[in-house]
Amino acid sequence: MNRRKLLGASIAGSAAAMVTGGTGADAAQADAASGRPEQRDERCLQPAGPVKVTPDDPRYLNLNLRGANSRFSGKPDYIQLVGSTKHVVDAVEKTVRDGKRVAVRSGGHCFEDFVDNPDVKVIIDMSLLTEIAYDPSMNAFLIEPGNTLSDVYEKLYMGWNVTIPGGVCGGVGVGGHICGGGYGPLSRQLGSVVDYLYAVEVVVVDGNGKARVIVATRERDDPHHDLWWAHTGGGGGNFGVVTKYWMRVPEQVGRDPERLLPKPPATLLMSTVTFDWEGMTKAAFSRLLRNHGEWYEQNSAPDSPYTGLWSQLMIGNKVPGMGESGFMMPIQVDNTRPDARRLLDAHIEAVIDGIPSVEVSEPIEERWLASSPGRGGKAPGSKTKAGYLRKRLTDQQIEAVYENMTHMDGIDYGAVWLIGYGGKVNTVDPATTALPQRDAILKVNYITGWANPRNEARHLQWVRKLYADVYAETGGVPVPNDINDGAYINYPDSDLADPQQNTSGVPWHDLYYKENYPRLRRVKAAYDPRNHFHHALSIRP
């Protein structure tokens, strides 16, 4: 059950999730910088140089419409298809020489207009960079940014019986997902995706406008260690073009590839709880959200037996294609645990206690890879807002959700999703990675989608009111406190930088990065001093 599948069911489309690109080893860095061919033989694999696709090329329309959210559109002068790090160097240098604003596209799942923007004149498209391999020189798995999450899950699992704890939308590109601090259903058990990032190759632009290739690792004595750190949650489109990621566990485990990343559960035990709006009084709704939030408060410690269980409470309006209620809670449990069924039943029992009109599906056992989601499709217009929770929603916040979810006349699709988090994610110090939210238990998404562009304003008004009402006590945004813990940069929301929407006095960057923002600014100044890579929520130099 993922955002794009549900929006597709409700309004013939999907929602979205963040961009940017990535890719090498020291030898590859030296080869790219010198102009020599890279180590792999690309003569039969990739075009001889970057492929420039202009508006008169039949491929242009397809490439330009890769973005998953139809709300945004642009018309770049050209789209540069790249098949190697050297291609990226050449493409970036040309944008510097020509003075053109550039953006990078990996999977095309950005919630905002960071790529599909009229001011962007060149898009560097990473979709040809799709290598996934064990790299002995790094003793890590090389993952190029043109891959989708589905590609990564399948190739890592089939090749080595390993995985990364990434997201549920299989069509999302790893280019932006990783560097934004990706997470997914296995994160409670395995941690954040960036906890496994060992190295990153980035094409950056120096103060003279010269593009260069840098490989940055998590090794403390690496002179580019800060650049690696910035890609552990700093988000896409900030520092350069990522052309390679290398992933491996933080601890030393030898050179066996099958021990360099975690193994996924062989099978999952899955069930879905469906709630009926018809029998959902305000009192029952409030009790349900309290039950759900209190369960996560009590069962999200890193040593909890429930870290192998993940669920998300998806509160949606009634729409065709989503059943009668549009209100459900899919659950999965690591079925390799001998007590998986007991854990599943206990979770369901705690959440539905005292709630009328509930239907619980019979649990099914599903193979790991078979449970991975598909690629999804393109959304009509959509808008997503988000926040972290350290504790359950307060009674005032629950009331705000209820009032807005029960007043949706003229809204095609609207939802509030409470997504399981915490567990092993919270074993990492907030300063160790750029991702600072390390004691949250839930993520919250506030979503709307519409089929007819003429209805955009009405839907934006609805979701913005919902968000403002939920965070009324903190200036309309999730200011970090005992309950809230800011927002997630892979769910970017330009409203947070709008003083009319954010009246808290807390700047948008503190909501996303908290105390890590000054260090991110220093990295920006060191590696992108010309601010060549920028968007509405990019790191300010």
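This text goes with the structure placed above it.
All of the points below concern the structure found in this document. Predicted model only: the values in this text are computed from it and were never measured. (Residues numbered from 1 in each chain as written. Predicted model: local features only at pLDDT ≥ 70, side-chain atom pairs only at ≥ 80, totals over all residues. Heavy atoms only, no water.)

Regarding the sheet that holds strand S9 (residues 241–247)
Okay, step 1: Pairing is antiparallel in the open sheet, where five strands are placed in the order S5-S6-S9-S7-S8. Strands with a single pairing partner mark the edges of an open sheet, and in this sheet they are strand S5 (132–135) and strand S8 (211–217). The sheet shows a mean angle of 20° between the axes of neighbouring strands, taken without regard to direction.
Okay, step 2: With three bridges joining them, strand S6 (residues 140–143) and S9 adopt antiparallel strand pairing. (Pairing = 2+ DSSP bridges. Helix = DSSP H or I, 4+ residues; strand = E, 2+ residues; numbered from the N terminus. Axes fitted to C-alpha atoms, helices over the stretch in contact; angles between N-to-C directions.)

Comments concerning the sheet that holds strand S4 (residues 122–125)
Okay, step 1: Taken together, four strands build an open sheet; the order of strands is S1-S2-S4-S3 and the sheet is mixed. Two strands lie at the open edges of the sheet, namely strand S1 (51–53) and strand S3 (102–105), each paired on one side alone. With direction set aside, neighbouring strand axes in the sheet form an average angle of 25°.
Okay, step 2: Of the strand pairs in this sheet, S3 and S4 are connected by four bridges, and their pairing is parallel. By the bridge assignment, Ala103 is partnered in S4 with Ile123.

Structural notes on the layout of surface pockets
Okay, step 1: Counted as a void, the second largest pocket has a volume near 340 Å³.
Okay, step 2: Together, 23 residues line the second largest pocket, and Asp195, Arg218, Trp228, Pro250 and Thr432 are the ones closest to its centre.
Okay, step 3: Counting residues per element, the lining of the second largest pocket draws most heavily on helix H8 (residues 225–230), at three residues.
Okay, step 4: For the lining of the second largest pocket, the class distribution of residues is nine nonpolar, six polar and eight charged. (1 Å grid on protein atoms, 1.4 Å probe; cavity = no way out; pocket = protein on both sides within 12 Å on 5 of 7 lines; lining within 4 Å. Points joined across faces, edges and corners; volume = space filled by probe spheres on them. Nonpolar A, V, L, I, M, F, W, Y, C, P; charged D, E, K, R; others polar.)

Considering helix H9 (residues 282–298)
Okay, step 1: Over its 17 residues, H9 runs 24 Å from end to end, which matches the ideal 24 Å to within 8%, given 1.5 Å per residue.
Okay, step 2: Within the span of H9, buried status applies to Ala284, Phe285, Ser286, Leu288, Leu289, Asn291, His292, Gly293, Trp295 and Tyr296. (Expected span 1.5 Å × (residues − 1). Buried < 20%, exposed > 50% of the residue type's maximum accessible area, 1.4 Å probe, protein only.)

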